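If you want the building blocks of each chain, they are given just below.
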Amino acid sequence: SSAAAPAPAEAAAADAPTTADAFEAAKTARAARFGIPVVAAPKSMDDAKKARAERFGLPLSNGKGGGKGGGRGPKVLGTDGSYSAGILLKVNLKLGGANGVSKAMNEDRSVVSEKPTMVVGLDVNHAGRGSTADSHPAICYSLDCLCSKWATEVTSQKAKEELVPAEWLKARMVHAAQEFQKRNNRPVMRLFFYRDGLAHNMFSAAVVQEVAAIKSAMQQLGICPELVYIVVQKRTRARFCMRTPDGRRYEKPPYGLVVDREVTDATHHTRAGDFYLSPHFALKGTPRPAHYHVIVDEANLTADQVHDFTFELCHVYQRATKVVSCPAPVYYAHLAAFQAQYNSTNWRDESAAWETGSAASGGSSGSSATVLLPMHKDHDGKLWQV
């Protein structure tokens, strides 16, 4: 007698395409130049990004549900102009494009017009309080002289360590300088390095470890660019406001406000010293300025030059059409460091919060960091994490 036919539900489940099938089909369509594939992944956004990064190499942009007016239905491209613009800005970056160039970068007064200049951002992401999961450093570097194209690289290290391994930083800086020279046919002659997240008591250690690694990388390539190493502290308690002309009340400061006197260190060893910059206009409340410390300045720039260039970098953040609160490479490095957790070999999701399995290093235990799965070759030279 013949075997019983499967139930309709079982047959449908057997024939249903998996997420992997959907990604492979989308890659095939992209290779055939059928346009930009759009995949509706059934899993969470983090799972989809993890699968895309390690296994498929497919640029993927996820949209959250929730239509206009607080509805729960999914948004559709073309029905909301601002939503569609945000999605397409990210898609263009994933494909290796540039969404715009700052006009100020082309002017003679800009520091990038004087000599070939590469800009680098570095940040380290730590797990939540009480967790022993690994920390993840990420580096973001510019690929052109106008700071319109960027690339990122990530790794893992022991939990709660803020300074990155000198060997990894040296290797990444060598690769970044080589990519910059290959794309611009000129070596790096000036290097801006924006370091996010260092406390005051770590400045000396950063000079000993990170600045030394950067210089060693440049010496390995036989070049000696002017290094400008700047620490960015975003979580500050300082707030600034201005008195109205009638003197009766206070209002928000204008965007681009720089404060480098009275509340800053007057005994700083560099010309630019330290300063507060509030580049954006807060739509609600008082804008939070970032605190910048110029630790190393081999270019001997004036304070105005450092202020202007930092302000310009707040205009080239290519995921938004407005000025953001800190330089673009700092934002990109922050995003890459946060998403690096999803590329670890023992990553798992717990109630919309992330944690790693039992193999995670415990910081004080002295064990080595977990291994990150390698990025797909299609992500080289692109902002894959946006």
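As shown above, the structure is provided for reference.
Residues numbered from 1 in each chain as written. Predicted model: local features only at pLDDT ≥ 70, side-chain atom pairs only at ≥ 80, totals over all residues. Heavy atoms only, no water.

Undergrad: For this particular structure, what's the right way to read the pairing of strand β3 (residues 150-154)?
TA: Taken across its 5 residues, β3 has 5 buried, putting it largely inside the fold. Where burial is concerned, the two faces of β3 agree: the one with W150, T152 and V154 and the one with A151 and E153 are both buried. Pairing between strand β2 (residues 136-142) and β3: 5 bridges, direction antiparallel. The residue bridging I139 from the neighbouring strand is E153, located in β3. (Buried < 20%, exposed > 50% of the residue type's maximum accessible area, 1.4 Å probe, protein only. Helix = DSSP H or I, 4+ residues; strand = E, 2+ residues; numbered from the N terminus. Pairing = 2+ DSSP bridges.)

Undergrad: Explain the sheet that holds strand β8 (residues 257-259) to me, please; I cannot follow it from the model alone.
TA: Pairing between the strands of a sheet comes from backbone hydrogen bonds, and it takes one of two forms, parallel or antiparallel. Pairing is mixed in the open sheet, where 8 strands are placed in the order β3-β2-β1-β4-β5-β10-β9-β8. Of all the strands in the sheet, just β3 and β8 have a single pairing partner and so form its edges. Neighbouring strand axes in the sheet, compared pairwise and without regard to direction, differ in orientation by 20° on average. Taken together, the 6 bridges between strand β1 (residues 117-125) and strand β4 (residues 190-196) define a ladder with parallel strand orientation. The residue of β4 that forms the bridge with G121 is Y194. Strands in contact with helix α5 (residues 166-184) are β1, β2, β3 and β4; relative to β2, the strand with the most contacts, it is inclined by about 20°. Against the sheet, helix α8 (residues 328-339) engages β1, β2, β3, β4 and β5 (226-233), with an angle of about 40° to β1. (Axes fitted to C-alpha atoms, helices over the stretch in contact; angles between N-to-C directions. Contact = heavy atoms within 4.5 Å.)

Undergrad: How should the nonpolar core be read in this particular structure?
TA: Across soluble globular proteins, nonpolar side chains show a tendency to be buried alongside one another. Residues M118, L169, M173, F193 and Y229 are the most contacted members of the largest nonpolar core, which totals 35 residues. Of all the secondary structure elements, the ones that give two or more residues to this core are β1, β2, α5, β4, α6 (203-220), β5 and β10 (290-297). Residue contacts for L169: discarding those within four places in its chain leaves I139, V164, F193, E210, A213 and I214. The next biggest cluster of nonpolar side chains, apart from the first, holds 34 residues, and it includes V112, V228, L301 and Y332. (Core = buried A, V, L, I, M, F, W, Y, C linked by side-chain atoms within 4.5 Å.)

Undergrad: When you look at the packing of aromatic side chains in this model, what are you seeing that I'm missing?
TA: Per the counting criterion, the structure on display carries 8 aromatic pairs. Here the aromatic rings of F192 and F309 are separated by 4.5 Å at their centres, their planes lie at 40°, and the arrangement is tilted. With F192 in strand β4 and F309 in helix α7 (residues 303-313), this pair connects stretches of sequence that are 117 residues apart. F192 gets classed as buried once you look at its relative accessible area, which sits at 0%. Judged by relative accessible area, F309 falls into the buried class, the value being 1%. Seen from their ring centres, Y317 and Y331 are 4.8 Å apart, and the 35° between their planes marks the pair as tilted. On the criterion of sequence distance, the pair formed by Y317 in the loop between α7 and α8 and Y331 in helix α8 is long-range, its members being 14 residues apart. Taking the relative accessible area as the measure of exposure, Y317 reaches 10% and is therefore buried. Y331 gets classed as partly exposed once you look at its relative accessible area, which sits at 24%. Members of the aromatic cluster, connected to one another through ring pairs, are W150, Y317, Y331 and Y332. (Phe/Tyr/Trp six-rings, centres within 6.5 Å; stacked < 30°, edge-to-face > 60°.)

Undergrad: Explain the side chain of D196 here, please?
TA: The residue D196 is located in strand β4 in this model. For D196, a relative accessible area of 4% corresponds to the buried category. A polar side-chain atom of D196 sits 3.1 Å from a polar atom in the side chain of K234. Not counting the four nearest positions on each side in its chain, D196 is found in contact with L122, D123, E162, V232, K234 and V330. (Polar contact = N/O pair within 3.5 Å; in protein donor to acceptor, adjacent residues only side chain to side chain.)

Undergrad: I would appreciate a short explanation of α6 in the present structure.
TA: Because an α-helix completes one turn every 3.6 residues, residues spaced three or four positions apart along the sequence face the same direction. For α6, which comprises 18 residues, the first-to-last C-alpha distance of 25 Å matches the rise-based estimate of 26 Å (1.5 Å per residue) to within 8%. Taken as a whole, α6 carries its principal kink of about 25° at V211. Structurally, α6 contributes buried residues whose contacts are with β1, α5, β4, β5 and β10. Positive phi shows up at G222, right after α6, with a value of about 75°. (Expected span 1.5 Å × (residues − 1). Bend = angle between axes of the 7 residues up to and from the residue.)

Undergrad: How should I be thinking about the packing of α5 against α6 in this particular structure?
TA: The geometry of a pair of packed helices is captured by two quantities: the angle between their axes and the separation between those axes. It is at 8 Å that the axes of α5 and α6 come closest, and there the two elements cross at 40°. Classified by the angle their axes make, α5 and α6 are oblique. Both α5 and α6 take part in a crossing whose hand is right-handed. Only Q209, E210, A213, I214, S216, A217, M218 and Q220 of α6 make contact with α5, whose side of the interface consists of A166, L169, K170, M173, V174 and A177. (Parallel < 35°, antiparallel > 145°, perpendicular 65-115°, else oblique. Left-handed = near helix turned anticlockwise from the far one by under 90°.)

Undergrad: What's the story with the pairing of β2 in this structure? I'm lost.
TA: The element β2 is largely enclosed, with a buried count of 7 among its 7 residues. Burial along β2 is two-sided: H136, A138, C140 and S142 and P137, I139 and Y141, pointing in opposite directions, are all buried. Inspection of the sheet shows β1 paired to β2 by 6 bridges, in the antiparallel sense. By the bridge assignment for β2, V124 is matched with P137.

Undergrad: I'm lost on the environment of K158 in this one. Help?
TA: Its location among the elements puts K158 in the loop between β3 and α5. Separated by 22 residues in sequence, K158 and H136 have C-alpha atoms that sit 8.5 Å apart.

Undergrad: Help me understand the pattern of salt bridges, please; the structure alone is not making it clear to me.
TA: Between side chains of opposite charge, pairing is possible as soon as their charged atoms come close. Per the counting criterion, the structure on display carries 11 salt bridges. Of the charged contacts in the structure, one is a salt bridge between R172 and E153, with a shortest N-O distance of 2.2 Å. Residue R172 is found in helix α5, and its partner E153 is found in strand β3; the two are separated by 19 residues along the sequence. A relative accessible area of 15% means that E153 is categorised as buried. Two residues, E162 and R195, come together in a salt bridge whose shortest N-O distance is 2.9 Å. Here E162 is found in the loop between β3 and α5, whereas its partner R195 is found in strand β4, with 33 residues between them in sequence. Overlapping salt bridges bring together E114, K115, R190 and E226 as one network. (Salt bridge = Lys/Arg side-chain N within 4 Å of Asp/Glu carboxyl O.)

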